[in-house]
Amino acid sequence: MVAALNEMFHFLVARKKFWMIPIVFMLIVFGGLFLAVQGSVLAPFIYTLF
Amino acid sequence: MLLLGISAYYHDSAAALIRDGEILAASQEERFTRIKQDSTFPAQAISSCLVDAGCSLADVDYVVFYEKPFVKFERILESYFANAPRGFNSFRMAVPLWLKEKVFQKDLLLKALGQIAPGGIRPDQLLFSGHHQSHAASAFYPSPFERAAILTMDGVGEWATTSTAVGAGHSVRPLNQISFPHSLGLLYSAFAYHLGFKVNSGEYKLMGLAPYGKPRFASLIREQLIDIKEDGSFRLSQAHFDYTVGLTMTNANFSRLFGMPPRQPEELLTQDHMDLAASIQQVTEECILKITRHLARSTGERNLCLAGGVALNCVANGKVLRDGAFENIWIQPASGDAGGAIGAALAAYHQGCGQPRRLPAGGGDAMKGAYLGPAFSDDEVCARLSATGARFERVDEEKLVALTSEALVAQKAVGWHQGKMEFGPRALGNRSILGDPRSPEMQRTLNLRVKYRESFRPFAPAVLREDVADWFELDYDSPYMLLVADVAGKHQRRMNAADEQLFGIEKLNVPRSTIPAVTHVDYSARVQTVTAECNPRFYKLLKQFKATTGCPVLVNTSFNVRSEPIVCTPEDAFRCFMGADIEVLVVGNCYLAKEKQDMKLAIDYKDTFELD
């Protein structure tokens, strides 16, 4: 997974799509968080926040 | 050098095995899983290719995926941000899927390959080819041309929707491309959607419906939906489409423009629907002809290679050939995404590894008739049929051909399962249902009783290559059923004044030629030419039928019912034979008559597969 994210980062730099880097980063971090906590006790709080 | 090409995860997943530039085997996953256009990782197709070629995954030097997931993700994200806040619903559904799986496709592929063989492959053995690069490679490298112009058109891959290139030797030099959201494939799909057909599979129904209508909406389409320039480049007006932001292809503006809401599947087809189909078909043809004329002028090439889903529009292909801008054209038989598996492997071999290209001896192409799937030996066929409870007679080839021809002359529908399975959407005489084209009732019978599909759907003729010019307005190889031509004038039956007054599907009841079952309402036919070199047994059958009837033509339709993948194994063939109104089944050298079977083995086949 880390290797894939690293490749994605280098891909965006090579394509000069710098504006996408923070967006992809946010999507992956929060997307990962949502997936990780699905069904856990944290889920209701995260859904309230976002 | 052994390369495995893979197309997967969107629709129509497939695998292809290439050794030193030669295509050894290729199969679509749907044929094994029995799920139409299955998009899952093609594990069974890969295993089948490896078994056919007598090798294992450990022997493979490189595995090549047919497109670039990161570039596709970039296109998806950019499109959402360009349209935000519209499209949030679509974004909400698509992005989690990407974040969960598709961004990590490399890991996914390595893991899936590891499940096929212990150890799988190393990460540095996994390569990615561009979507249109794969299509272009699948169009040029297997073609019979030393050099050619290449045109690829589809819905969308990464960004490109239409691209041109020039192929020479082992190189392919890209020229121009049109990018998403401007797409001829998506425009055609939008009309297919609006006419109640499934996107990515129902487009050929739209093409079959078009000759029943008049293109009275063509000017409206040109004025409001697509701006086509003289060189064939085009832009679509996004105000009428929903595919960039929504979950449908067209929106309310589109319905208002044509004065009709989207047709529901199975809803009665009206003359308006047929006119809409005729209109988009005409505009599509105009656009393709402008592109090919400009491509011929700008490159000076005499040969043209086509691929991408739009290249399956055989009516347009026939017009490109007759237009004469190019002297020769060759169309990849698996022009859809499945063919991307072949193209990806060939692109990596010739472009990535710089390996030279060898043209096939004898002036033919390198697709081996598209007979690239699994085959079953006679002993295996007997064992498999016996296990299903089938009652059959094993005969030699001479008797088999004579018996089959007799059945066809007696107006029976014959299931014909021979040799290697075809790769691509067409059955070309190895997994086919055959019929007598001289029968006026055959089209209706095959559509309604055998295939359980709409009565307007046309059937294609298979004809001896040496007789094609005598029966059709065509004197050109069309081994893959990808060219449409009119039935020769001397075989046509002109309509009388009363027939001329008929509308739409009523015209279906008027025989148009001496081979009405394969003559569409506009006298056209989607021709397959058959040679002894390409398919010896099918050729012998056509010869025998001609000797008995004087007609060198047979109805050739895929061996399946509506929405079912084409049969793969003898068991699939027997199941379809028992479930549909097919009277004779021929599998290898085994001959099966329906009346001799135990009818307790028949299953209700009609509702087994969902509508496509």
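Every value quoted in this text rests on a predicted model; they were computed, and no experiment measured them.

Trainee: Mind laying out the overall build of chain B, listing which residues take part and the relevant values?
Mentor: In terms of helices and strands, chain B carries 20 helices and 21 strands. Compactness check: chain B gives a C-alpha radius of gyration of 23 Å against a globular reference of 25 Å for 612 residues, within 12% of the reference. Across its three principal directions, the C-alpha atoms of chain B cover 65 × 65 × 50 Å. Taken over 612 residues, chain B has a buried fraction of 61%. Looking at chain B alone, contacts between residues at least 24 apart form 72% of all its contacts between residues at least 6 apart.

Trainee: Outline the side chain of Thr161(B), supporting the account with residue identities and numerical values.
Mentor: Residue and element names in this part refer to chain B. Within the secondary structure, Thr161 is located in strand β7 (residues 160-168). The exposure class of Thr161 is buried, given its relative accessible area of 0%. Apart from residues no more than four positions distant in its own chain, Thr161 is found in contact with His132, Thr152, Met153, Asp154, Gly155, Val156, Ile178, Ser179, Phe180, His182 and Ser183.

Trainee: Describe the sheet that holds strand β13 (residues 393-394) of chain B, with residues and values.
Mentor: All names here are of chain B. Taken together, the nine strands give an open sheet; going across it, the order is β13-β21-β20-β14-β15-β19-β16-β18-β17, and neighbouring strands pair in mixed fashion. Looking at strand neighbours, the two that pair on one side only are β13 and β17 (483-486), the edges of this open sheet. Alignment of strand β14 (residues 414-417) against strand β15 (residues 431-435), held across four bridges, turns out to be antiparallel. Pairing of Val414 across the sheet is with Leu434, part of β15. Here helix α12 (residues 314-323) sits on the sheet and contacts β17 and β18 (524-530); the angle it forms with β17, its principal contact strand, is near 70°.

Trainee: Give me the interface of chain A and chain B: which residues, what numbers.
Mentor: Facing the 16 residues of chain A at the interface are 16 residues of chain B. Both sides together, the interface formed by chain A and chain B hides about 1500 Å², and carbon and sulfur atoms give 79% of it. It is Met8(A), Phe11(A) and Leu27(A) that lose the most area in chain A upon contact with chain B, and together they represent 30% of the buried surface on that side. The residue Glu74(B) makes a salt bridge to Lys17(A) at a minimum N-O spacing of 3.1 Å. Counting across the interface, chain A meets chain B through four residue pairs in polar contact (both at pLDDT 80 or more). Those elements that place two or more of their residues in the side of chain A that touches chain B are α1 (2-14) and α2 (20-37) of chain A. In terms of residues, the side of chain A that touches chain B owes the most to one element, α2(A), which gives seven residues.

Trainee: Quick one: what's the story with the sheet that holds strand β6 (residues 147-153) of chain B, residue by residue and with numbers?
Mentor: Residue and element names in this part refer to chain B. Taken in spatial order, the five strands line up as β8-β7-β6-β11-β12 in an open sheet, and their pairing is mixed. The open sheet is flanked by β8 (171-179) and β12 (328-331), the only strands paired with a single partner. Sheet twist, expressed as the mean angle between neighbouring strand axes with direction ignored, is 20°. Of the strands in this sheet, β6, β7, β8 and β11 (303-307) touch helix α11 (residues 271-299), which is tilted by about 150° from β6.

Trainee: Quick one: what's the story with the environment of Leu257(B), residue by residue and with numbers?
Mentor: Residue and element names in this part refer to chain B. Along the chain, Leu257 falls in helix α10 (residues 252-258). Once the C-alpha coordinates of Leu257 and Met207 are considered, the two residues, 50 residues apart in sequence, prove to be 21 Å apart. Beyond its immediate chain neighbours, meaning those up to four positions away, Leu257 contacts Leu220, Gln224, Leu225 and His240.

Trainee: Go over the domain arrangement of chain B with me, naming the residues and quoting the values.
Mentor: All names here are of chain B. Assigned domains of chain B: these are domain 1 (2-142 + 335-368), domain 2 (179-329) and domain 3 (378-601). The C-alpha-based centres of domain 1 and domain 3 are spaced at 32 Å. Facing the 16 residues of domain 1 at the interface are 14 residues of domain 3. Summed over both partners, the interface of domain 1 with domain 3 buries about 1300 Å², with 55% contributed by carbon and sulfur atoms. When the buried surface of domain 1 facing domain 3 is broken down by residue, Arg31, Arg34 and Lys36 rank first, second and third, together holding 51% of it. Across the salt bridge formed by Lys420 and Asp52, the nearest N and O atoms sit 3.6 Å from each other.

Trainee: Can you tell me about the packing of helix α6 (residues 131-140) of chain B against helix α13 (residues 340-352) of chain B, naming the residues and giving the values?
Mentor: Residues and elements named next belong to chain B. In contact at an axis separation of 7 Å, α6 and α13 are set at 85° when each is read in the N-to-C sense. By the angle between their directions, the pair α6 and α13 is classed as roughly perpendicular. Packed against α6, whose contacting residues are Gln133, Ser134, Ala137 and Ser138, the element α13 presents Gly340, Gly343, Ala344, Leu346, Ala347 and Gln351 at the interface. In terms of residue class, the contact of α6 with α13 is made up of four nonpolar, six polar and no charged.

Trainee: Please set out the confidence of the model for chain B residue by residue, giving values where relevant.
Mentor: Summary statistics for chain B give a mean pLDDT of 94 and a share of 99% for residues scoring 70 or more. Per the prediction output, this complex has pTM 0.93; the corresponding ipTM is 0.77.

Trainee: Please provide a residue-by-residue account of the packing of helix α7 (residues 184-194) of chain B against α11(B), values included.
Mentor: All names here are of chain B. Relative to each other, α7 and α11 sit at 175°, their axes nearing to 10 Å. Classified by the angle between their axes, α7 and α11 sit roughly antiparallel to one another. Contacts between α7 and α11 involve Leu184, Leu187, Tyr188, Phe191 and His194 from the first element and Leu276, Ile280, Gln281, Thr284, Cys287 and Ile288 from the second.

Calculation rules
- Residues numbered from 1 in each chain as written.
- Chains lettered and ligands numbered in written order.
- Predicted model: local features only at pLDDT ≥ 70, side-chain atom pairs only at ≥ 80, totals over all residues.
- Heavy atoms only, no water.
- Helix = DSSP H or I, 4+ residues; strand = E, 2+ residues; numbered from the N terminus.
- Rg over C-alpha atoms; globule rule 2.2 N^0.38 Å.
- Buried < 20%, exposed > 50% of the residue type's maximum accessible area, 1.4 Å probe, protein only.
- Contact = heavy atoms within 4.5 Å.
- Pairing = 2+ DSSP bridges.
- Axes fitted to C-alpha atoms, helices over the stretch in contact; angles between N-to-C directions.
- Buried area = accessible area lost by both parts, 1.4 Å probe.
- Salt bridge = Lys/Arg side-chain N within 4 Å of Asp/Glu carboxyl O.
- Polar contact = N/O pair within 3.5 Å; in protein donor to acceptor, adjacent residues only side chain to side chain.
- Domains from an automatic or database assignment.
- Parallel < 35°, antiparallel > 145°, perpendicular 65-115°, else oblique.
- Nonpolar A, V, L, I, M, F, W, Y, C, P; charged D, E, K, R; others polar.
- pLDDT = per-residue confidence, 0-100.

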